[in-house]
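Spelled out from the first residue to the last, the chains are:
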Amino acid sequence: MAIEGGDALQGNIQNINKFHDYGVRLITLLHKNDNEIGFNQESYNDGPLSPFGTRVVEKMIEMGMIIDVAHSKSKTLKSISEVCKLPLLDSHTGIFPEGELNNFPNRARTWEEMEMIAKTGGLICTMPISYTLENYAKTTLTSWVKEIVLMKERLGIEHVGLGTDSSGFPQSVHGWDSVASFPNLLNELLKFDLSKDDIIAFTGGNFLRIMKNYFL
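Residues numbered from 1 in each chain as written. Predicted model: local features only at pLDDT ≥ 70, side-chain atom pairs only at ≥ 80, totals over all residues. Heavy atoms only, no water.

Caption draft 1: Seen up close, helix α2 (residues 51–63). If you check α2, its first and last C-alpha atoms are 18 Å apart, about what 13 residues at 1.5 Å a residue would give, namely 18 Å. When we look at burial in α2, the residues that qualify are Phe52, Gly53, Val56, Val57, Lys59, Met60 and Met63. (Helix = DSSP H or I, 4+ residues; strand = E, 2+ residues; numbered from the N terminus. Expected span 1.5 Å × (residues − 1). Buried < 20%, exposed > 50% of the residue type's maximum accessible area, 1.4 Å probe, protein only.)

Put into structure tokens, the structure is as follows:
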């Protein structure tokens, strides 16, 4: 099981033990609000992990619980990458293209942020959210797969994964309605320069590697 938002810890480090006993093995440290751990991507504020946040990361590593940095603001993300000695996971995000105006809080990752995660040996999972910027459009399965290919070229396929979050945003790319659309994505991936091994890595193999780092 997983928890989206370390808010559920209520500032009490012992709650990690309780959730672990329930079967939780992954916690997304931030969600829609800033919390006792750090700052979320949609906040106008940013900063490093709090002392409590540092203890949370260290405790999760000790307990064998995957650290998910999805929704973590840039400085909080950097701080997490410095404290955590295991591969980080961003379970659902997308690219914020270079050259576009980034003057409001949003959920997309810059290349600098994605490279920060990749340097830990981590995994950035791209989701099928549809959006259009000044010079960039991600509205179809084809444009989503082009994003995946670009991430492979710049980060390496070992750092790219599938992160659906299908009911978590207002509009999906055309051709993706739910996880039942997975065959459509596979068919589109096969049209591009992705090998069978690339597709296996993207659709689950890379996540299994992350799991082994925490669970073994």
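Caption draft 2: Quick look at the pairing of strand β4 (residues 89–93). Here β4 lies mainly inside the structure; five of its five residues are buried. Sheet topology note: the β4/strand β5 (residues 123–126) ladder contains three bridges and is parallel. Along β5, the bridge assignment pairs aspartate 90 with isoleucine 124. As for the winding sense of the linkage, the β-α-β connection from β4 through helix α4 (residues 111–118) to β5 is right-handed. (Pairing = 2+ DSSP bridges. Right-handed = clockwise from strand over helix to strand, strands pointing away.)

Caption draft 3: Representation of the packing of α4 against helix α5 (residues 141–155) within the structure. Here α4 crosses α5 at 60°, and the two axes come no closer than 11 Å. It follows from the interaxial angle that α4 and α5 lie oblique. With respect to the hand of their crossing, α4 and α5 are arranged in right-handed fashion. Across the interface between the two elements, Trp111, Met114 and Glu115 from α4 touch Leu150, Met151, Arg154 and Leu155 from α5. For the contact of α4 with α5, a count of residues per class yields five nonpolar, no polar and two charged. (Axes fitted to C-alpha atoms, helices over the stretch in contact; angles between N-to-C directions. Parallel < 35°, antiparallel > 145°, perpendicular 65-115°, else oblique. Left-handed = near helix turned anticlockwise from the far one by under 90°. Contact = heavy atoms within 4.5 Å. Nonpolar A, V, L, I, M, F, W, Y, C, P; charged D, E, K, R; others polar.)

Caption draft 4: Main features of the nonpolar core. Counting residues in each nonpolar core, the largest one holds 55 residues, and the members touching the most others are Leu29, Val56, Ile67 and Leu88. No other element matches α5, which puts seven residues into this core. Once you skip the residues sitting within four places of it in the chain, leucine 29 turns out to touch Gly5, Gly6, Asn35, Ile37, Val56, Val57, Met60, Ile67, Asp68 and Ile80. (Core = buried A, V, L, I, M, F, W, Y, C linked by side-chain atoms within 4.5 Å.)

Caption draft 5: Quick look at unusual backbone geometry. Here glutamine 10, not a glycine, exhibits a phi torsion of approximately 55°, which is positive. Along the chain, glutamine 10 falls in the loop between β1 (2–4) and α1 (14–22). Positive phi is not limited to glycine here, since histidine 71 has a value of about 80°. Turning to its location among the elements, histidine 71 is positioned in the loop between β3 (66–68) and α3 (74–83). A relative accessible area of 4% means that histidine 71 is categorised as buried.

Caption draft 6: Structural view of the layout of surface pockets. Its volume calculated, the largest pocket comes out at about 460 Å³. Within this model, the second largest pocket holds a volume of roughly 250 Å³. Lining the second largest pocket are 17 residues, with Ser91, Leu162, Gly163, Thr164 and Asp165 positioned closest to its centre. Residues of the lining of the second largest pocket, tallied by class, amount to eight nonpolar, eight polar and one charged. (1 Å grid on protein atoms, 1.4 Å probe; cavity = no way out; pocket = protein on both sides within 12 Å on 5 of 7 lines; lining within 4 Å. Points joined across faces, edges and corners; volume = space filled by probe spheres on them.)

Caption draft 7: Here's a closer look at α4. The element α4 is largely enclosed, with a buried count of six among its eight residues. Buried within α4 are the following residues: Trp111, Glu113, Met114, Met116, Ile117 and Ala118. Buried residues belonging to α4 abut α3, β4, β5 and α5.

Caption draft 8: Spotlight on the environment of cysteine 125. Inspection of the secondary structure assignment puts cysteine 125 in strand β5. For cysteine 125, the residues in contact, after removing those within four places along its chain, are Leu89, Asp90, Ser91, His92, Thr93, Gly161, Leu162 and Gly163.

Caption draft 9: Representation of the packing of aromatic side chains within the structure. Enumeration according to the criterion identifies three aromatic pairs in this entry. With centroids separated by 5.5 Å and ring planes inclined at 85°, the aromatic side chains of tryptophan 144 and tryptophan 176 adopt a geometry described as edge-to-face. With tryptophan 144 in helix α5 and tryptophan 176 in the loop between β8 (160–162) and α6 (182–189), the pair connects residues that are 32 residues apart, well separated along the chain. Judged by its relative accessible area of 0%, tryptophan 144 falls in the buried class. Judged by relative accessible area, which is 2%, tryptophan 176 ranks as buried. Above the ring of tryptophan 111, the side-chain terminus of arginine 154 is found at 4.2 Å from the ring centroid. (Phe/Tyr/Trp six-rings, centres within 6.5 Å; stacked < 30°, edge-to-face > 60°. Lys NZ or Arg CZ within 6 Å of the ring centre and 35° of its normal.)

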